[in-house]
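Below, each chain spelled out in residue letters.
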Amino acid sequence: MFYNGRMTETPLRAPMEIAFDYTRSLGPVLSQFMTALRERRIMGARGADGTVHAPPFEYDPVTYRPPAELVEVGPAGTVVSWSWMPKPAAGQPLDRPFAWALIRLDGADTAMLHAVDAGSAAAMRTGMRVQARWAADRVGSIRDIARFEPCSAAKTDAPAAAAPPQAATDGEPVAMSVTPVRLRYQHTASPAESAYLRGLAEGRLVGQRCPACGKVYIPSRGICPADGVPTDSEVELPATGTVTTFSVVNVGYPGQEVTPPYVAAAVLLDGADIAFQHLILGCDPGEVRMGMRVRAVWRSREEWSTTARNISHFAPAGEPDAPYESYARFL
Ligand SMILES: [Zn+2]
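Residues numbered from 1 in each chain as written. Predicted model: local features only at pLDDT ≥ 70, side-chain atom pairs only at ≥ 80, totals over all residues. Heavy atoms only, no water.

Peer 1: Can you help me understand the overall build of the chain in this one?
Peer 2: Helix and strand counts for the chain come out as four helices and 20 strands. Projecting the C-alpha coordinates of the chain onto the three principal axes gives extents of approximately 80 × 50 × 40 Å. Counting over 331 residues, the chain shows a buried share of 38%. Here the contacts in the chain between residues at least 6 apart in sequence split such that 59% fall between residues at least 24 apart. In the form shown here, the chain has an accessible surface area of approximately 18100 Å², with 54% of it arising from carbon and sulfur atoms. Taking the average location of the 32 positive side-chain charges in the chain and that of its 35 negative ones, the two points are 5 Å from each other. (Helix = DSSP H or I, 4+ residues; strand = E, 2+ residues; numbered from the N terminus. Buried < 20%, exposed > 50% of the residue type's maximum accessible area, 1.4 Å probe, protein only. Contact = heavy atoms within 4.5 Å. Areas by Shrake-Rupley, 256 points an atom, 1.4 Å probe, with all protein chains shown as cover. Lys, Arg positive; Asp, Glu negative; His and termini not counted. Charge placed at Lys NZ, Arg CZ, Asp CG, Glu CD.)

Peer 1: Would you mind going over the coordination of the zinc ion with me for this structure?
Peer 2: Geometry sets the ideal angles at a metal, namely 109.5 degrees for four tetrahedral donors and 90 or 180 degrees for six octahedral donors. Within the protein, the atoms that donate to the zinc ion are Cys-210 (SG), Cys-213 (SG), Cys-224 (SG) and Asp-227 (OD), at distances of 1.8 to 2.3 Å. Its four donor atoms give the zinc ion angles of 104 to 116 degrees at the centre, a pattern that matches the tetrahedral case. If you list the donors of the zinc ion from N- to C-terminus, the spacing comes out as C-x2-C-x10-C-x2-D. Placement of the pair is Cys-213 in the loop between β13 (205–209) and β14 (216–217) and Asp-227 in the loop between β14 and β15 (233–237), with a sequence separation of 14 residues. What makes Cys-213 partly exposed here is its relative accessible area of 37%. In this structure Asp-227 comes out as partly exposed when scored by relative accessible area, which is 36%. (Donors = N, O, S within 2.8 Å, 3.2 Å for Na, K, Ca; no water. Tetrahedral: all angles 85-135°; square planar, octahedral: opposite > 155°, others 65-115°.)

Peer 1: Can you walk me through the pairing of strand β19 (residues 293–298) in this structure?
Peer 2: Note on strand geometry: in a regular strand, side chains alternate between the two faces of the sheet. The pairing of strand β16 (residues 240–249) with β19 spans three bridges and is antiparallel. Its bridge partner being in β19, Thr-242 is matched across the sheet by Arg-293. Note that β19 and strand β20 (residues 311–316) share five bridges and pair antiparallel. If you follow Val-297 over to β20, its bridge partner there is His-313. (Pairing = 2+ DSSP bridges.)

Peer 1: Would you take a moment to explain the layout of surface pockets for this structure?
Peer 2: Any empty space left between atoms is shown by rolling a water-sized probe over those atoms. There is about 550 Å³ of room inside the largest pocket. As for the largest pocket, its lining consists of 20 residues, of which His-278, Leu-279, Arg-299, Arg-309 and Ser-312 are closest to the centre. For the lining of the largest pocket, the elements supplying multiple residues, two or more each, are α3 (191–201), β17 (262–269), β18 (276–280) and β20. It is β18 that contributes the most residues to the lining of the largest pocket, four residues altogether. A class-by-class count of the residues in the lining of the largest pocket yields eleven nonpolar, six polar and three charged. Taken as a whole, the second largest pocket spans an internal volume of roughly 440 Å³. At the level of elements, α1 (27–38) and β12 (176–188) are the ones that each hand at least two residues to the lining of the second largest pocket. (1 Å grid on protein atoms, 1.4 Å probe; cavity = no way out; pocket = protein on both sides within 12 Å on 5 of 7 lines; lining within 4 Å. Points joined across faces, edges and corners; volume = space filled by probe spheres on them. Nonpolar A, V, L, I, M, F, W, Y, C, P; charged D, E, K, R; others polar.)

Have a look at this one:
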């Protein structure tokens, strides 16, 4: 493709994923709701005005007080609205086409959102009777209801006859809810970012210089933010630099690759006009300081690819600290 009027290589593309487990404490009401699901029971909350909400409210919409009592509802109910899901996404309740439905469970006055496994959109209708199908392994989650299914004619007329068996109380009340969040996307690197990444694959640090102000950016975004002109000349930078600012990470999280405490720092490479973020390892976190001279530690060549992970971390270079004036304008 053409970039800045000259031939460049095709931009790089790669699949990316951002993922984390959203974890929250349930509080007293939802804890009872989730704990009951584990026992194959669905609980609603009776409000001050007599209406039964399922799922239960945490605070009464009329009095703003916590519910005085939870009451069992369902497990059958009536579809009050629905939408067909012809191509289920990863992680949804069913891996075949299904309906998202608002279901007013027997004994409740409000509707609950869940999946209905009806086979086809033609089999769905508002007012149809559905029945909860429980998951074989229940952990105290809304997914303990695997799905709802259309009731058979017999069950339609006698929901009480379909009452689920009462399992014995199983362990402690459910106090936490964990919701995995996953975002997968395809990232296309800009021509400038692609040049930076291809440089890393060769063990080189490649930035770009602004023709107007002469500043060197790494990685470059292909344009000088001050002058608004393309940064079209490449500059190879050394693997040494100066810590301008830093923070000590003391908080752990799932999937963390380095055990806290460790230092994440802004490193200003020699010859660059903008700092980038990297790890500082190879010394006690308490030794890291502004002005500290550091050097990139590359992973072994067999691990290299076109990613920023080719540099494992930065480590002390063993040189005298840079004077504050040398990096003050980059803070
Ligand atoms: Zn510029």
